[in-house]
Number of protein chains: 2
Amino acid sequence: MSVYPKAVHINEEGPREGFQIEKGPISTARKIELIDSLSKTGLKQIQTVSFMPAKNVPGMADADEVVKGFTRFPGVTYTGLWLNEKGLQRAIATNKLDVKGMLSLCASEKFLLRNQKRTLKENLAAQHSIVKMYQENNIPVVRAGLMAAFGCNFEGDIAIAHVLDTLQQMLDIGEQYRLDLQLISLADTMAWATPLSIKRVVGAVRNKFPDLQISLHLHDTRGMGIANACAGLEMGVAFYDAAVAGLGGCPFAAHSGAAGNVCTEDLVFMCHEMGIETGIDLEALIESARLAEDIVGHPLPGSVMQGGSLAKLRRKIAAAA
Amino acid sequence: MSVYPKAVHINEEGPREGFQIEKGPISTARKIELIDSLSKTGLKQIQTVSFMPAKNVPGMADADEVVKGFTRFPGVTYTGLWLNEKGLQRAIATNKLDVKGMLSLCASEKFLLRNQKRTLKENLAAQHSIVKMYQENNIPVVRAGLMAAFGCNFEGDIAIAHVLDTLQQMLDIGEQYRLDLQLISLADTMAWATPLSIKRVVGAVRNKFPDLQISLHLHDTRGMGIANACAGLEMGVAFYDAAVAGLGGCPFAAHSGAAGNVCTEDLVFMCHEMGIETGIDLEALIESARLAEDIVGHPLPGSVMQGGSLAKLRRKIAAAA
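Given the structure is predicted, the values throughout are model-derived calculations rather than measurements.

Rules behind the numbers
Residues numbered from 1 in each chain as written. Chains lettered and ligands numbered in written order. Predicted model: local features only at pLDDT ≥ 70, side-chain atom pairs only at ≥ 80, totals over all residues. Helix = DSSP H or I, 4+ residues; strand = E, 2+ residues; numbered from the N terminus. Rg over C-alpha atoms; globule rule 2.2 N^0.38 Å. Buried ≥ 20, exposed ≤ 12 C-beta atoms within 10 Å, placed from the backbone. Contact = placed C-beta atoms within 7 Å. Pairing = 2+ DSSP bridges. Right-handed = clockwise from strand over helix to strand, strands pointing away. Axes fitted to C-alpha atoms, helices over the stretch in contact; angles between N-to-C directions. Left-handed = near helix turned anticlockwise from the far one by under 90°. Nonpolar A, V, L, I, M, F, W, Y, C, P; charged D, E, K, R; others polar. Least-squares fit on C-alpha atoms with pLDDT ≥ 70 in both.

A. Representation of the overall build of chain A within the structure. The helix and strand inventory of chain A stands at 13 helices and eight strands. What you see for chain A is a C-alpha radius of gyration of 19 Å, in line with the 20 Å of a compact globule of 321 residues. In terms of its C-alpha atoms, chain A occupies a principal-axis envelope of roughly 65 × 50 × 40 Å. When each of the 321 residues of chain A is scored for burial, the buried share is 51%. Contacts spanning at least 24 positions in sequence make up 75% of the contacts within chain A whose residues lie at least 6 apart.

B. Layout of the pairing of strand β8 (residues 239–242) of chain A. Residues and elements named next belong to chain A. The two faces of β8 match: Phe-239 and Asp-241 on one face and Tyr-240 and Ala-242 on the other face are all buried. Pairing of strand β1 (residues 9–12) with β8 involves four bridges; the strand directions are parallel. Bridging across to β8, His-9 finds its partner in Phe-239. Bridging between strand β7 (residues 214–217) and β8 involves three bridges; their strand directions are parallel. When the sheet's bridge partners are listed, Ser-215 is paired in β8 with Phe-239. In this region the chain leaves β7, passes through helix α9 (residues 225–234) and returns to the parallel neighbour β8; the handedness of that crossover is right-handed.

C. Examining the packing of helix α8 (residues 195–208) of chain B against helix α9 (residues 225–234) of chain B more closely. Residues and elements named next belong to chain B. Put simply, α8 and α9 touch, their axes get as near as 8 Å, and they point 35° apart. At the point where α8 passes α9, the crossing takes the right-handed sense. Of the residues in α9, those touching α8 at Pro-195, Ile-198, Lys-199 and Val-202 are Ala-227, Asn-228, Cys-230, Ala-231 and Gly-232.

D. Layout of the interface of chain A and chain B. Between chain A and chain B, the contact holds 42 residues from the first and 43 residues from the second. Elements represented by at least two residues in the side of chain A that touches chain B include exactly α8 (195–208), α9, α10 (264–273), α12 (304–307) and α13 (310–320) of chain A. Classifying every residue of the side of chain A that touches chain B gives 24 nonpolar, eleven polar and seven charged.

E. Summary view of helix α1 (residues 14–21) of chain B. Residues and elements named next belong to chain B. Counting buried positions over the eight residues of α1 gives seven, a clear majority of the element. All of the buried residues in α1 are Gly-14, Pro-15, Arg-16, Glu-17, Gly-18, Phe-19 and Gln-20. Residues of α1 that are buried make contact with β1 (9–12), α2 (28–39), β2 (45–50), β3 (77–81), α10 (264–273) and α11 (282–296).

F. Seen up close, the pairing of β3(B). Residue and element names in this part refer to chain B. Two elements, β2 and β3, share five bridges in a ladder whose sense is parallel. Within the sheet, the bridge partner assigned to Val-49 lies in β3 and is Gly-80. Remark: the β2/helix α3 (residues 63–69)/β3 crossover connection has right-handed handedness.

G. Main features of the relation of the copies chain A and chain B. Expressed as a screw operation, the relation of chain A to chain B combines 0.0 Å of axial shift with a rotation of 180°, fitting to an RMSD of 0.0 Å. With respect to symmetry, the two chain copies, as superposed, fit the operation of a two-fold axis. Of the C-alpha atoms belonging to chain A, the one lying closest to the rotation axis is found on Ala227(A), 1.9 Å away. Interface residue correspondence from chain A to chain B reaches 100%, placing this contact among same-surface, isologous pairings.

H. Spatial organisation of the sheet that holds β1(A). All names here are of chain A. With parallel pairing, the eight strands of this open sheet are ordered in space as β3-β2-β1-β8-β7-β6-β5-β4. Edge positions in the open sheet fall to β3 (77–81) and β4 (101–106), since each of these has one partner strand only. Each adjacent strand pair in this sheet contributes to an overall mean axis angle of 25°, direction not counted. Most of the contacts of helix α7 (residues 160–176) go to β4, to which it runs at about 150°, and overall it touches β4, β5 (141–147) and β6 (183–187).

Spatial relationships are all this shows, so hold off on functional conclusions.
Shown next as structure tokens:
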């Protein structure tokens, strides 16, 4: 069979994903409450906010206050998201976040043109300016992401050869600027991946770049999130982005495409049941998921927070015996 | 890697699963409308109703009228569910259903005691009476099911050796009565399975009984449904029970455990995207799923009916090029 990783590292993106997309308004205090709850679950990395202009993302208008308000837990990395220097400066000014740089390429030109009004070539050139921006601010660039690695709503299927070429461009930039790129994220930005394509793409990437540490960013829009994560596990992938309760998705968005990330506690449940460590207390995480549901005020897509863990059932059965 | 089956056969259980559990009331005409819609999708087998006492399952009080009302499509097998001779006689009296017999064993004694007030031994003995009942009615017994094959809320984990022993008892009955058991269904009745346990159990069953045709009955209570189906595909399993739109589950049942079957159109989507034939028109099935949602009057758990198929996106992209 396959070789699961012994342990999996989860980058929790729920607060940022969720509060960015929820209509709200959600009070700053409740956002802080969720982050503090997540801090106590054993998660090692939490993306707390994004620094976007309030007119574009009203749910993140209070990002600076959220960061000011939460309590840092020892051993947890707290990150933020930004798309330009202004956002980066806000992140640095918090004097509290773990500010690390990231390169971002995209496998689909049509998606780039639509979303960032850039060609592939222009986006590649922009990465040089981005690296310089980080280096001028003494921020290490440790992570790189490839968007639309498994398919694109505007371009269709993406050739694996093109994915490999784009990763090579990324590594070339890394080498040119002597970056310590520790993790390459393959993002299924528009939910085109299936377990088979996860295995094909990850296999090809491992084949060409055996030393790369791969991370998967998966969306559950077509119900493949957990199956795709499982395919990643079977390929030995040990790093996943996920969102508690499936925050960022919405089961009410009938027919419009609920676009949530893979659900953290469902992923943790699967890992634990298959003997893979996460360092996370699943029961505590389920409590955080229920808190998230209470905060947004409507059901969220997570399943295990409804069905309950098996570990809890096993304890109940043992106690009754 | 693994060997997917070339084609998959899906037993659609949505009408029976869904209308049995929905609070309703749902009119007979609308139940018939869903079955007629499903008949046009390319599905080859549809479980239409169950014949239970109306006082136990009010949603199935009109089972006979539903069967009377739908239109049989050539090439489609229409089945019903019953738990005793009275139910069987109602099914036979419809003179319209494809009435086939089934053995039913269970891997968990505690579940049996709780749900049917029988020990394992008593249930085994009961199967002899059941076979005789079928034989007296000239009904072939072609299928056998094993409940709680992957774990039990009251007994906990189930040893694989016990699963194999129980299957052996089933086959012994088959031999004793010269039954033509064509398919053995392994049911994850209480949603304990993970992709790893699916592979372990199916592998062990294949190892001991290489000639058995295995079917999987999967619940999505803990979000593992599609990942478990994928694990089945990787083990070459070609038969699945599923429910359109995830009927039978309920995204509103917060914290109480939504217990839906794996969603048919999400499963079909995964199969098609991985090159596995189903004979089903996914777009037509998505229309049926939306119809199901309209009929029950609340969102259902299916994802692809929200996110849309990739085949449709590919056609749109090709047309725009």
